[in-house]
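One letter stands for each residue in the lines below.
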Amino acid sequence: MVESVDFVIIGAGIMGCSLAYHLAERRAGRIVVLERDEIARGATADAAGGIRLQFSTETNIRLSLLSFEYWEHFPELFGIDIGLHQYGYLFLLNQPQHVEAFQQSLELQQALGVPARWVDPDEIVRLQPSVRTDDLLGGTYCPRDGWCDPYSATMGFARAARELGVEFREHCPAIAFRIEQDRLHAVLTPEGPVSCGVAVICAGPYTGELGKLAGVELPVLPYRRMSFVTEPFDLVPKTVPMTIEFATSLYFHPEGDGFLFGMSNPDEPPGFNKTVDPEWMARTVEALCRRAPVFEHARIRRGWAGFYEVTPDDNPLLGWVDGVEGLAVAAGFSGHGFMHGPAVGRCMAELLLDGAARSVDISPFDPGRFRRGRLIQEQNVI
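Scope of this entry: the structure provided in the associated data block. (Residues numbered from 1 in each chain as written. Predicted model: local features only at pLDDT ≥ 70, side-chain atom pairs only at ≥ 80, totals over all residues. Heavy atoms only, no water.)

### As for the overall build of the chain
Regarding its fold elements, the chain presents eleven helices and 18 strands. Since a compact globule built from 382 residues should have a radius of gyration of about 21 Å, the 21 Å found for the chain is in line with a globular shape. With the C-alpha coordinates aligned to their principal axes, the bounding extent of the chain is approximately 70 × 40 × 40 Å. Of all 382 residues assigned to the chain, the portion counted as buried reaches 57%. A fraction of 74% describes how many contacts in the chain between residues 6 or more apart in sequence connect residues 24 or more apart. (Helix = DSSP H or I, 4+ residues; strand = E, 2+ residues; numbered from the N terminus. Rg over C-alpha atoms; globule rule 2.2 N^0.38 Å. Buried < 20%, exposed > 50% of the residue type's maximum accessible area, 1.4 Å probe, protein only. Contact = heavy atoms within 4.5 Å.)

Dropping the structure here:
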């Protein structure tokens, strides 16, 4: 006998769990979530946990605004403390072209109700006393931005989804699709086929590989990103904002009794290597100490590597997959997937059930835009 369900969601990170919850909240039928590992143990677990409103495209700003309705009220909605710290995001700019781009983005953000503002070097020092400002032209700051715990947040959605009847199957990957006459009929797993009306790929960095199994191209590539946490460090206040040196992508923010920091390697090729590169760790530490010399007194407690799921325009694939009826995708967030998880889950549920997303128009991120040459570049990528 072939098991039959209404929806199969592939991936139990923040995106899959949020979508499962929002579908179940709408009483959408029988929902099964397949996870190759364990809930919240994939790319979501490796995320730095940042949440921000400062984006350069209207769709991303609106997705952030909607997600903040969840982040700022998570304990009341889901009964879980996600360790939300809203000390802001502070972008540091030292190149004229970045100043121009961020000031344009700032106008859009403010027009949409985001409380972000331009800050000069003097105010930067007041917000973040540890940084050097002699080469800075200014920056942007939004006090509503911050960070929280990705694992707790994802488990909050998963628990709520389970209470509504969603079935999660851990250590049960999707290994193939049964497609006949361009129509999806089943998702194949090691435990057997699961017949379904709709399958949604929420597999983060593995999305491109799953697309190949379905015979379609989903332009999502995995890129390694490394993060590090210091030993207890009290020479910088624990109330400073998430600080980003935009030209290098260096970022750091308080984390427990220490600080979390990282920096992307522009020469990193795509791949599934999750080892920590000691050479890049050393370069990241050098960049941190160059921007904030006080960290010369800090010691690294541990480091880890995870994946960004990157698309050609640094924006996600959200919607139905061309060429396979019944197959949809929500992946490719290029580093800002966790923060948009609540909103995307809700909007994708609306798309699947109502034919279009009502809460935020996600049609600009239609997966077919690459084939049609309609890329929408997100500039504020860390």
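### With respect to the side chain of S152
Of note, S152 is situated in helix 7 (residues 150–163). Filtering out sequence-adjacent residues up to four positions away, S152 remains in contact with I80, D81 and I82.

### A word on helix 10 (residues 337–354)
At A343, helix 10 is bent by approximately 40°, the largest bend along its length. The buried fraction of helix 10 amounts to 15 of the 18 residues, a majority that puts the element mostly inside the structure. (Bend = angle between axes of the 7 residues up to and from the residue.)

### Quick word on the packing of helix 3 (residues 58–71) against helix 10
As a packed pair, helix 3 and helix 10 sit with axes 7 Å apart at the nearest point and diverge in direction by 95°. By the criterion of interaxial angle, the relationship of helix 3 to helix 10 is roughly perpendicular. Residues N60, L63, S64, L66, S67, E69, Y70 and W71 of helix 3 touch helix 10, and the partners they reach there are F338, M339, H340, G341, P342, A343, V344, R346 and C347. A per-class count over the contact of helix 3 with helix 10 returns ten nonpolar, five polar and two charged. (Axes fitted to C-alpha atoms, helices over the stretch in contact; angles between N-to-C directions. Parallel < 35°, antiparallel > 145°, perpendicular 65-115°, else oblique. Nonpolar A, V, L, I, M, F, W, Y, C, P; charged D, E, K, R; others polar.)

### Points about the pattern of salt bridges
When their charged atoms lie close together, side chains carrying opposite charge are able to pair. With the rule as written, the count across this model stands at 23 salt bridges. Across the pair R26 and D354 runs a salt bridge whose closest N-O atoms are separated by 2.7 Å. Separated by 328 residues along the polypeptide, R26 in the loop between helix 1 (14–25) and strand 2 (31–35) and D354 in helix 10 bring together distant segments of the chain. Assessed through its relative accessible area of 37%, R26 is described here as partly exposed. On the basis of relative accessibility, which here comes to 38%, the residue D354 falls in the partly exposed class. Its salt-bridge partner being R301, residue E231 comes within 3.7 Å of it at the nearest N-O pair. Note that E231 is positioned in the loop between strand 12 (221–230) and strand 13 (242–245) and R301 in strand 16 (residues 300–310), a separation of 70 residues in sequence. Residue classification places R301 among the partly exposed residues on the basis of a relative accessible area of 39%. Each of the salt bridges in this network shares a partner with another, and the network as a whole consists of R26, R346, E350, D354 and R358. (Salt bridge = Lys/Arg side-chain N within 4 Å of Asp/Glu carboxyl O.)

### Examining the side chain of D313
Note that D313 resides in the loop between strand 16 and strand 17 (317–320). Overall, D313 belongs to the buried group, its relative accessible area being 0%. Engagement of the side chain of D313 in a polar contact is seen with the backbone nitrogen of I376, the distance being 2.9 Å. D313 has contacts with R369, F370, L375, I376, Q377 and E378, leaving out every residue within four places of it along the chain. (Polar contact = N/O pair within 3.5 Å; in protein donor to acceptor, adjacent residues only side chain to side chain.)

### Some points on the sheet that holds strand 12
Judged by pairing direction, the sheet is mixed, and its eight strands sit side by side in the order 5-6-4-13-14-15-12-16 without closing on themselves. Each having just a single partner strand, strand 5 (117–119) and strand 16 make up the two edges of the open sheet. If you compare each strand with its neighbour and ignore which way they point, the axes differ by 20° on average. Of the strand pairs in this sheet, strand 12 and strand 16 are connected by ten bridges, and their pairing is antiparallel. Looking at the pairing, T230 lines up with I300 of strand 16. Lying on the sheet, helix 9 (residues 278–291) is in contact with strand 4 (89–93), strand 12, strand 13, strand 14 (250–255), strand 15 (258–262) and strand 16; it crosses strand 14 at an angle near 80°. (Pairing = 2+ DSSP bridges.)

### Some remarks on the pairing of strand 6 (residues 138–142)
A large share of strand 6 lies buried, amounting to five of its five residues. Burial along strand 6 is two-sided: G138, T140 and C142 facing one way and G139 and Y141 facing the other are all buried. The sheet contact formed by strand 4 and strand 6 spans five bridges and is antiparallel. Opposite F91, over in strand 6, you have T140 as the bridge partner. Here strand 5 pairs with strand 6 via three bridges, running antiparallel. Counterpart to W118 in the pairing with strand 6 is T140.

This is a description of form; function is not addressed.
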